[in-house]
Amino acid sequence: MDRKYIAFFAGSFAIIVIWQILFPPPVPVKPKDPAAAAAGEGGDEKDPGDEGQQDPAAEEKEDEGDEAAPAPPVIAAPVVDSPHYLTLGSIAPQGPYRFAATFDSHGATIRRLELSSTRYRDLHERHGFLGQLELESKPAGVEVQVVPPGSPAADANLEPGDLITAITVGTSEAVEIGEVADVERLLERTRPGQSVSIEVTRSGNKQSLTTTLIRKPLDVIRPEQENILLHSKKVPDDFEQHPTCEISLTSVGPNEPGKVALALANEQLRTGVWAVDDTQADQLTFSMVLPDLGLEVIKRFTIAAVPEEQLDDRDYPGYHVDVEVSVRNLLPSPQTVSYELQGPNGLPIEGFWYAQKVGRGWSGYGIRDVVRRTFGNSVSDDACRNIADDDVKPYGDGQSLAYIGVDAQYFAAAMIPQKMEVDDRWYTSFDPSLGSTKLEAKSSYQERYQNASFTLESNPLKLAAAGEEGDTAGRKNQLFAGPKHPELLAEYQSPAAPAYSLEGFVYYGWFGSLGIPQAMVSILAFFYSIVRNYGLAIILLTVVVRSCMLPLSRKQAKNMAMMQELKPEMDRITSKYKDDPQARMKAQQELWGKHNYNPMGGCLLMFIQLPIFIGLYRALSVDVDLREAALIPGIRWCSNLAAPDMLMSWRNFIWPQWFLNGEGMFALGPYLNILPLVTVGLFLLQQKMFMPPPADEQQEMMQKVMKFMMLFMSFMFFKVASGLCLYFIASSLWGMAERKLVPKPNVNIQPAAPEKESSRRKKSTPNASAIKAAKNKKKKR
């Protein structure tokens, strides 16, 4: 080889050796043990006293070789792009579903539940209804976010993402839409049955859609803000609601995460966007991965379609959503998890200005209260005002829950654990609570508006390591949300004990233990089956009641007529014994006994009618069949016999809010009601026609007090159910007719014998004998 090449290679090798000596490569560091790395994250330094001591674990690792311990699996949250709102069911009256449920993917909660039957429509909003579209204002119009099946919007083929730019009602001019308030104001001027044309922009193309408006369905569950705006002008600034079926974790073990980590996870569960699987019919499955906790939380909502042959059976079960909550472990080691599930809330407060609801306790009950039952115990309840004041005792310790729910006047929403054993204690507590921020109450009436609800805190769920059997566990509840028909509620039972059904939600008060309200309901239902009108049924009930009391009422009428005939003689006795009350009473009793007159004869009839009055009042307040039963179908006046007749709205007058809300006896509410005035007017007319003139000053004072009481009753009766006024009007007219038909009694009273002249003279000079005796005494002297 040429010497030049040998010198070149030798020089190159020498340079490489010198470079390695001057600049040695870094020594590779042995990977740390993951547990040791975790322990050293806080910057802990090695104790100098430990120098020279070898860790046993290190010795074991050296014996096993230089292999590093496996790192924990990296859990990545999937990318989620779910629609904001999703629906199940339909509000089509002839469809196979009892309701349409709208779900919010931001928290995987139930936002709204609308009933489909035409029996249950909203009592406050009677204008035209397009659909609960969850509209959102955009620069070029209003965006549709969801279209419930069966709504007029669905019939018009409106789709989520459409931008509404204009709406035309009938043959009127088109109204441009720039914000959500424009749509609301326009619909408030419409009527159900009117045709509307909707101008929309879809994918950049303009379209015109046509549909017919309907009357708004009743929302059994809805955002509480909509309820607040019924009795207040605005929603409080600090208002916050916990929607139905909202979930939060209460503990994760065995390695308890820090409070900050748990709080962040719960915030993600409440407000984050959940992944959704809607591939199964009548079912939505939401899921959310929590990487920091190594958990996946799953919610599955399932509804049931009603068979076609059972659609007309109002008591066939179909008013429920199966709610299944489960947790899956994603870590290679076992975990235990507890969670808290929010109960239903946002139930309707319809009739808040006149409604009266009773409970099993002495507290004043509100429009929505909590009812629950545990195995081995009777039904109990808590008033919403006590819940708002946190004046309720905790429940759940050692008790097994049969059901718990929110009780409104005619509707209820309840959770029934679907467990097969009575002794299974799925929940450590099931406490009543508010489903939203506590409202400031300036009076006891305003305390009735609180949004009563409850929370279910689960026992710890034991999860096996990921991939092993038992790595997923959960609980399934049946959420009932519908009308309080006793027969329907009886169909919703605990699987562990069928005797524990939801029938406890129908409560007539302590008076119901006598069975009188139930008897009134049965009689009215019988008459309704014949005449098909509850107004006529109430009149027929009045006829039956007055016919049964005919002997007593006839005797009362004769008694009143006898009193009028005895009036002159009563006046004579009063004048004769003016200064001797005992003699006057004795003479009056002799007169009454002679003519078989009983001054207390009218009280018995009143006492007999009192239970019927209370029974009918309770029937109208509880029985859902009487809700929206019209006196004259097709007109607005007296269209709900369970409510005041509402002849005319006076909202536009200058009334304070408390007056319109009916907060107190002298707060008359937002409507002028005519039937209570007719009722009190008939009472006054009866009093004037048939009550005899007062026999003395005491009776005159009593009659003045009675007239004043009638005026007082006009305020008491102003907000009572029109069906109850109808009963009193029919009963009063019956009594007046009966009184007119009673023949005039033949009272044979002997006139007082004329006094002799000598007697009159003696009475005119009562001191003559005394004067004569005085004169004789003087002569003797």
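A few points on the structure. (Residues numbered from 1 in each chain as written. Predicted model: local features only at pLDDT ≥ 70, side-chain atom pairs only at ≥ 80, totals over all residues. Heavy atoms only, no water.)

Some points on the sheet that holds strand β12 (residues 219-221)
In step 1: Strand order in the open sheet formed by 4 strands is β1-β2-β3-β12, and the pairing between neighbours is antiparallel. Two strands lie at the open edges of the sheet, namely β1 (85-89) and β12, each paired on one side alone. Sheet twist, expressed as the average angle between the axes of neighbouring strands with direction ignored, equals 25 degrees.
In step 2: Pairing between β1 and strand β2 (residues 99-104): 5 bridges, direction antiparallel. From the neighbouring strand, Gly89 faces β2, where its bridge partner is Ala100. (Pairing = 2+ DSSP bridges. Helix = DSSP H or I, 4+ residues; strand = E, 2+ residues; numbered from the N terminus. Axes fitted to C-alpha atoms, helices over the stretch in contact; angles between N-to-C directions.)

Describing the packing of aromatic side chains
For any two aromatic rings, the description comes down to two numbers: the centre-to-centre distance and the angle of the planes.
In step 1: The final tally for this structure, using the stated rule, is 24 aromatic pairs.
In step 2: When the ring of Phe103 is compared with that of Phe286, the centres are 6.4 Å apart and the planes differ by 45 degrees; the resulting orientation is tilted. Of the two residues, Phe103 sits in strand β2 while Phe286 sits in strand β15 (residues 283-290), which places them 183 residues apart along the sequence.
In step 3: Judged by its relative accessible area of 0%, Phe286 falls in the buried class.
In step 4: The rings of Phe613, Phe683, Phe717, Tyr727 and Phe728 are connected pair by pair, giving a single aromatic cluster.
In step 5: When the ring centre of Tyr507 is taken as origin, the NZ or CZ atom of Arg360, which lies over that ring, is 4.4 Å away. (Phe/Tyr/Trp six-rings, centres within 6.5 Å; stacked < 30°, edge-to-face > 60°. Buried < 20%, exposed > 50% of the residue type's maximum accessible area, 1.4 Å probe, protein only. Lys NZ or Arg CZ within 6 Å of the ring centre and 35° of its normal.)

Topic: the pattern of salt bridges
In step 1: Within the structure shown, the criterion is met by 30 salt bridges.
In step 2: Residues Glu134 and Arg111 are paired through a salt bridge, measuring 3.0 Å at the closest nitrogen-oxygen approach. In this pair, Glu134 is assigned in the loop between β4 (128-129) and β5 (136-138) and Arg111 in strand β3 (residues 109-115), connecting sequence segments 23 residues apart.
In step 3: The buried category is assigned to Glu134, whose relative accessible area is 10%. (Salt bridge = Lys/Arg side-chain N within 4 Å of Asp/Glu carboxyl O.)

Some points on the side chain of Gln132
In step 1: Relative to the assigned elements, Gln132 resides in the loop between β4 and β5.
In step 2: Setting aside its immediate chain neighbours within four residues, Gln132 contacts Arg112, Glu114, Val146, Pro148, Lys216 and Asp219. (Contact = heavy atoms within 4.5 Å.)

Description of the pairing of strand β21 (residues 401-407)
Consecutive residues of a regular strand have side chains that alternate between opposite faces of the sheet.
In step 1: Counting buried positions along β21 yields 7 of 7 residues, so the element is predominantly enclosed.
In step 2: Both strand β19 (residues 369-374) and β21 contribute to a ladder of 6 bridges, which runs antiparallel. Following the sheet pairing, Arg372 is matched in β21 by Ile404.
In step 3: Taken together, β21 and the strand that follows it, strand β22 (residues 411-417), pair antiparallel across an intervening segment of 3 residues.

Looking at the environment of Ser82
In step 1: Position of Ser82 relative to the elements: it lies in the loop between α3 (56-64) and β1.
In step 2: Overall, the relative accessible area of 14% leaves Ser82 in the buried class.
In step 3: Here the alpha-carbon distance between Ser82 and His106, two residues 24 residues apart in the chain, equals 9.0 Å.
In step 4: Excluding residues that lie within four positions of it along the chain, Ser82 makes contacts with Ser105, Val273, Trp274, Ala275 and Val276.
In step 5: Of note is the side chain of Ser82, whose polar atom sits 2.7 Å from the backbone oxygen of Trp274. (Polar contact = N/O pair within 3.5 Å; in protein donor to acceptor, adjacent residues only side chain to side chain.)

A word on the side chain of Gln241
In step 1: Looking at where Gln241 falls in the secondary structure, it is placed in the loop between α6 (224-231) and β13 (247-253).
In step 2: Using a relative accessible area of 17% as the deciding quantity, one classes Gln241 as buried.
In step 3: A polar contact is formed between the side chain of Gln241 and the backbone nitrogen of Glu224, at a distance of 2.9 Å.
In step 4: If we ignore the near neighbours within four places in the chain, the residues touching Gln241 are Arg222, Pro223, Glu224, Gln225, Asn345, Gly346, Gly435, Ser436 and Asn451.

Structural notes on unusual backbone geometry
In step 1: The omega torsion of the bond from Gly253 to Pro254 falls at 5 degrees, within 30 degrees of zero and hence cis.
In step 2: Positive phi values are uncommon outside glycine, yet Asp390 reaches one of about 60 degrees.
In step 3: Summarising the element assignment, Asp390 is placed in the loop between α8 (384-388) and β21.

As for the state of the cysteines
In step 1: In the structure shown here, the tally under the stated rule is 0 disulfides.
In step 2: The thiol of Cys638 is unpaired, and the distance to the nearest cysteine sulfur, on Cys725, comes to 8.7 Å.
In step 3: In this structure Cys638 comes out as buried when scored by relative accessible area, which is 1%. (Disulfide = S-S within 2.5 Å.)

Re helix α7 (residues 259-271)
Since the α-helix turns once every 3.6 residues, residues separated by three or four places project in the same direction.
In step 1: With 13 residues, α7 ought to run about 18 Å at 1.5 Å a step, and its terminal C-alpha atoms sit 18 Å apart, in line with that.
In step 2: What α7 keeps buried is the set Leu262, Ala265, Asn266 and Leu269. Buried residues of α7, viewed axially, fall in a sector of 100 degrees; they line one side. Facing away from the buried side of α7 by more than 90 degrees, the exposed set consists of Val260 and Leu264.
In step 3: Buried-residue contacts for α7 involve β13, β15 and β16 (295-303). (Expected span 1.5 Å × (residues − 1). Arc of directions from axis to C-beta.)

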